[in-house]
There are 2 protein chains.
Amino acid sequence: MPFPAHTRVTVHGPADDVRRLARSAAAVDEAMVPTDQFHEWFTDRGRRNRYQVRRAPIDRLHGWRTDPATGNLEHLSGRFFSVQGLEVSTAHRETREWAQPIIVQPEVGILGILVKEFGGVLHCLMQAKTEPGNVNALQLSPTVQATRSNYTRVHRGNAIPYLEYFDGEDAARVMVHTLQSEQGASFLHKRNRNMVVEATGDVPVRDGFCWLTLGQLNALLAKDNLVHMDARSVMSVIPVAAPPAAASAPDDFRGALARSLADQPRHHTGLLSWFTGVKSRRALDRRLVPLDSIGGWRREADRISHESGKYFSVIGVDVEASDREVPSWSQPLLAPARRGVLGLLTRRVDGVLEVLVQARTEAGTLDVVELAPSVQCVPENYEGVGGRLAPGLLGQIPSGPDPRIRFDAIHSEEGGRFYHAENRYVIAEIGGDFPEELPDGHAWATVRELNELVRHGHYLNVEARCLLACLHSLL
Amino acid sequence: MPFPAHTRVTVHGPADDVRRLARSAAAVDEAMVPTDQFHEWFTDRGRRNRYQVRRAPIDRLHGWRTDPATGNLEHLSGRFFSVQGLEVSTAHRETREWAQPIIVQPEVGILGILVKEFGGVLHCLMQAKTEPGNVNALQLSPTVQATRSNYTRVHRGNAIPYLEYFDGEDAARVMVHTLQSEQGASFLHKRNRNMVVEATGDVPVRDGFCWLTLGQLNALLAKDNLVHMDARSVMSVIPVAAPPAAASAPDDFRGALARSLADQPRHHTGLLSWFTGVKSRRALDRRLVPLDSIGGWRREADRISHESGKYFSVIGVDVEASDREVPSWSQPLLAPARRGVLGLLTRRVDGVLEVLVQARTEAGTLDVVELAPSVQCVPENYEGVGGRLAPGLLGQIPSGPDPRIRFDAIHSEEGGRFYHAENRYVIAEIGGDFPEELPDGHAWATVRELNELVRHGHYLNVEARCLLACLHSLL
């Protein structure tokens, strides 16, 4: 039992934690490892890792089998995950009924960042980790990133470093612990524990790990394909405090953001009440079906893909890696057809930043609906669907360089399940041509409202959380 | 769209609401209708209502049918609810696998209290309402208590009074709005919107309705079988403020309760972190099966019951009522075999009250686990089960009169689905013989922690919420 019910830790109170985390978010110069040196180390890691990913026929993946009756892809252990078919019906999407392959992974894994104070500043123990689906092999991951099958060592590989801080009896202090969902378009009900744990004793730094401040991580978010999705997800649930001078900060984007963090919502249950209303009115019916039975999808030796060429394909890979618990393995991955756009539209009202979110129902959403970014789409998926073009608000994101764009980077989705899955993450202020009337299911929220909801699971989807982390980095 | 996304109400801020609700909770003498007069009115209502409930064969309920293939009980409209069979498997109950009848009601209904200020004090519009399963026919219900089938008038009855304040375009201010679960032992995933809405204009008081302060409602909670479960559930989600003098209140139960409301949790994510850990480690598998197929249950003309005589029976009733939208109808109800015990054990630590909760997995729980009271059981159900006696902590509740008992009343569960379902609601301080080590899945929480979680759905089960309302009434 890692969290005995009757233990109350009294070293630091919650307000104290928020202050210490905010100090780390502001710290770049006080970092133990200067950012230049981090980049050198990271590049060197990339050079030294032996890593090879080869496409392989999906019916001949070592350790996996295709169920002859259903066509489902399953691990021989019955663990890890499977790829099955899902029939979906909901009145709340452009298409009301469809069928698709879906990853079924009922296990709850751990995404954990271990933190420790050095020189009065909290540092995060980050890991340079290869993933078979990463475009660039190596990205910066949390201290621990493990499914239950991993950490109970179904693969009979090496033990997972630092796991004992998150799931053991070791002396450590939980600062953040919440269950958060992952991509509802690809996973059925998948979620992970997002944790931040403070080490109270010495922590040996193992090969491939590095201490960075939150301020350094925030700066690294601006780089393409560097901070891994799991790291972004954990970063999004870390409490953020507005600088003390927020109330009187200049009326620019950053000042408005700081005030939005501190702002008392202007009415009692604004976003929460609206979200409850939307959830209570929507319905979502799902049924797992044989992967071979879903209409519109075609099975070939090396892929299962949609006959339109849109959406994604299920592919197989053989992997060799020098830095993982097992040196080689095979697995299926989902390969999106195109790059997507995840956009957060913002506005300033009376000097306070507001963020546009949408209540989104996806194939694998656990509880009908979650909050998604203002824009979440792969534009090409909408081409020619009943003559409809890309979702309306996509046009609100400036396509070229524009002073209204406050954040713009390419990030990858989790390379353990997705192959070369990139999204453009963009945060922009809306222009004068923004429609007066919001589309159905959209609402303006303050950053404080989002920060309060993200403490709990199944409010913000992973796309919204990752953008929230990017938004926090602009403080 | 009852809550347009772009509307921000600025009349009262949230802090202001909490203050006004706390003022109402302290108000008894300033009430518009003195409590004596309320009792007279309520008794008179009971005398004037014509109300008759007769047991009827379950296969011959007007408007209902037994599916010949499955034995499931269904409404002819396909709406309202059905009674089906459920197979359950979880490692986290005394019995790991079982099958039982379950009520399937996927619709989200509304439990709403309309409030309005009179003489500077918020009053709640309460309804004297008959329910077929109530032991005493009439109880005090929220302003609106309606399934979606009710309020979309599947029964072709009269319109539901005051519904427009909760689900319409009418001028009203939402103070509280949250989706909350109901009995997981009897319902599959059932939940309702729990709402408090402030009327901004005149409200005509219809026959059978009465304005009461929260202070009056709190006092009425001490009476047996008066405040209906749905009213208790809505009351539990109303924000509560500690009196300003709480910090220096005497070190008695009430002072400790006030400090527990205001107490900053002693570590960052205490209860939430613990609950996340428990949830991530538990599993719950369910499968709907034909009602006729479940082992251990016996179907007779007038009931479906467990062969041991324990748990509950499914029965049928014919109802005639003068105060409902339709004057007569038939329906199935669940009739528990015995009265249950819902107990909240408390202790004082450094002058702050702590409450013992357990993480409980029930047949119909939406998301694996919810927080339940320290004690939630029907003692007789445990007799003779593998020689096991009633759950351990039951013995911690004094059976006779005892100064440690702070609250003790009999309350009914919802009379629209349950027949004569009573529980003893008891709040007690633990004695000196309380075990040092808590049973697995139990944790101490401050009242503030519970109040923060109850703003969100699926943390506190309905039994814990009802006891939380009783605890608040002791302020």
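Residues numbered from 1 in each chain as written. Chains lettered and ligands numbered in written order. Predicted model: local features only at pLDDT ≥ 70, side-chain atom pairs only at ≥ 80, totals over all residues. Heavy atoms only, no water.

### A closer look at the state of the cysteines
1) Next: Going through the model one piece at a time under the given rule, you end up with zero disulfides over all chains.
2) Next: No disulfide involves Cys210(A); its nearest neighbouring cysteine sulfur is the one of Cys124(A), lying 11 Å away. (Disulfide = S-S within 2.5 Å.)

### Remarks on the packing of helix α6 (residues 229-236) of chain A against helix α10 (residues 462-472) of chain A
Residues and elements named next belong to chain A.
1) Next: At a closest axis distance of 8 Å, the pairing of α6 and α10 adopts a crossing angle of 70°. Put simply, α6 runs roughly perpendicular to α10. Along its contact with α6, which presents Met229, Arg232, Ser233, Met235 and Ser236, the element α10 presents Val462, Arg465, Cys466, Leu468, Ala469 and His472.
2) Next: Partitioning the contact of α6 with α10 into residue classes produces six nonpolar, three polar and two charged. (Axes fitted to C-alpha atoms, helices over the stretch in contact; angles between N-to-C directions. Helix = DSSP H or I, 4+ residues; strand = E, 2+ residues; numbered from the N terminus. Parallel < 35°, antiparallel > 145°, perpendicular 65-115°, else oblique. Contact = heavy atoms within 4.5 Å. Nonpolar A, V, L, I, M, F, W, Y, C, P; charged D, E, K, R; others polar.)

### Things to note about the side chain of Glu414(A)
Residues and elements named next belong to chain A.
1) Next: Its place among the elements puts Glu414 in the loop between β23 (405-412) and β24 (422-429).
2) Next: Buried within the structure, Glu414 lacks any salt-bridge partner; its nearest side chain of opposite charge belongs to Lys190, at an N-O separation of 4.5 Å.
3) Next: A distance of 2.9 Å separates a polar side-chain atom of Glu414 from the backbone nitrogen of Gly416.
4) Next: When neighbours within four sequence positions are excluded, Glu414 is seen to be in contact with Glu131, Gln145, His228, Met229 and Asp230. (Buried < 20%, exposed > 50% of the residue type's maximum accessible area, 1.4 Å probe, protein only. Lys, Arg positive; Asp, Glu negative; His and termini not counted. Salt bridge = Lys/Arg side-chain N within 4 Å of Asp/Glu carboxyl O. Polar contact = N/O pair within 3.5 Å; in protein donor to acceptor, adjacent residues only side chain to side chain.)

### Considerations on unusual backbone geometry
Residues apart from glycine generally show negative phi values, whereas peptide bonds are mostly found in trans.
1) Next: At Val368(A), a position not held by glycine, the phi torsion is positive, near 70°.
2) Next: Topologically, Val368(A) is positioned in the loop between β20 (352-360) and β21 (370-373).

### Side note on the pattern of salt bridges
1) Next: In the structure shown here, the tally under the stated rule is 66 salt bridges over all chains.
2) Next: Where Asp44(A) meets Arg48(A), a salt bridge forms, and the shortest distance between an N and an O atom there is 3.3 Å. You can see Asp44(A) and its partner Arg48(A) sitting in helix α2 (residues 35-48), four residues apart, about one turn around the helix.
3) Next: Exposure remark for Asp44(A): the relative accessible area of 28% places this residue in the partly exposed category.
4) Next: Here Asp59(B) makes a salt bridge to Arg299(B), at a shortest N to O gap of 3.2 Å. Taken as a pair, Asp59(B) in the loop between β1 (51-56) and β2 (64-66) and Arg299(B) in strand β15 (residues 297-300) lie far apart in primary sequence, 240 residues in all.
5) Next: Classification of Asp59(B) by relative accessible area gives partly exposed; the value is 45%.
6) Next: Overall, Arg299(B) belongs to the partly exposed group, its relative accessible area being 28%.
7) Next: Shared partners join several salt bridges into a network, and the residues in it are Asp17(A), Arg20(A), Glu117(A), Arg173(A) and Glu198(A).

### With respect to α10(A)
Counting along an α-helix, one turn takes 3.6 residues, and residues three or four places apart therefore face a common direction.
1) Next: With respect to burial, α10(A) is a largely interior element, 11 of its 11 residues being buried.
2) Next: Three or more residues of α10(A) are buried, namely Val462(A), Glu463(A), Ala464(A), Arg465(A), Cys466(A), Leu467(A), Leu468(A), Ala469(A), Cys470(A), Leu471(A) and His472(A).

### Notes on the side chain of Ser233(B)
1) Next: Along the chain, Ser233(B) turns up in helix α6 (residues 229-236).
2) Next: For Ser233(B), a relative accessible area of 1% gives the class buried.

### Topic: α2(A)
Residue and element names in this part refer to chain A.
1) Next: The terminal C-alpha atoms of α2 lie 20 Å apart, and with 14 residues this matches the ideal 20 Å at 1.5 Å per residue to within 8%.
2) Next: Listed in full, the buried residues belonging to α2 are Phe38, Phe42 and Arg45. Buried residues along α2 cover an arc of 55° about the axis, so they all sit on one side. Exposed and facing more than 90 degrees away from the buried side of α2 are Asp36, Glu40, Arg47 and Arg48.
3) Next: Here the buried face of α2 lies against β7 (121-130), β8 (138-141), β13 (209-213) and α5 (214-220). (Expected span 1.5 Å × (residues − 1). Arc of directions from axis to C-beta.)

### Observations concerning the packing of aromatic side chains
All names here are of chain A.
1) Next: Going through the model one piece at a time under the given rule, you end up with 20 aromatic pairs over all chains.
2) Next: Centre to centre, the rings of Phe38 and Trp41 are 6.0 Å apart; their planes meet at 40°, and the pair counts as tilted. Placement of the pair is Phe38 and Trp41 together in helix α2, with a separation of three residues, close to one helical turn.
3) Next: Aromatic pair Tyr162 and Phe209: ring centres 4.9 Å apart, planes at 70°, arrangement edge-to-face. Highlighted residues: Tyr162 in the loop between α3 (148-151) and α4 (164-167) and Phe209 in strand β13, separated in sequence by 47 residues. (Phe/Tyr/Trp six-rings, centres within 6.5 Å; stacked < 30°, edge-to-face > 60°.)

### A look at the pairing of β15(B)
Residues and elements named next belong to chain B.
1) Next: Examined bridge by bridge, β15 and strand β16 (residues 303-306) share four bridges and lie antiparallel to one another. Note that in β16 the partner of Arg298 across the bridge is Ser305.
2) Next: Hairpin geometry of β15 and β16 is characterised by an intervening segment of two residues between the two adjacent antiparallel strands. (Pairing = 2+ DSSP bridges.)

### Comments concerning the environment of Gln376(A)
All names here are of chain A.
1) Next: Structurally, Gln376 can be placed in strand β22 (residues 375-377).
2) Next: A relative accessible area of 8% places Gln376 in the buried class.
3) Next: Along the primary structure Gln376 and Gly343 are separated by 33 residues, whereas in three dimensions their C-alpha atoms are 6.5 Å apart.
4) Next: A polar side-chain atom of Gln376 sits 3.0 Å from a polar atom in the side chain of Glu362.

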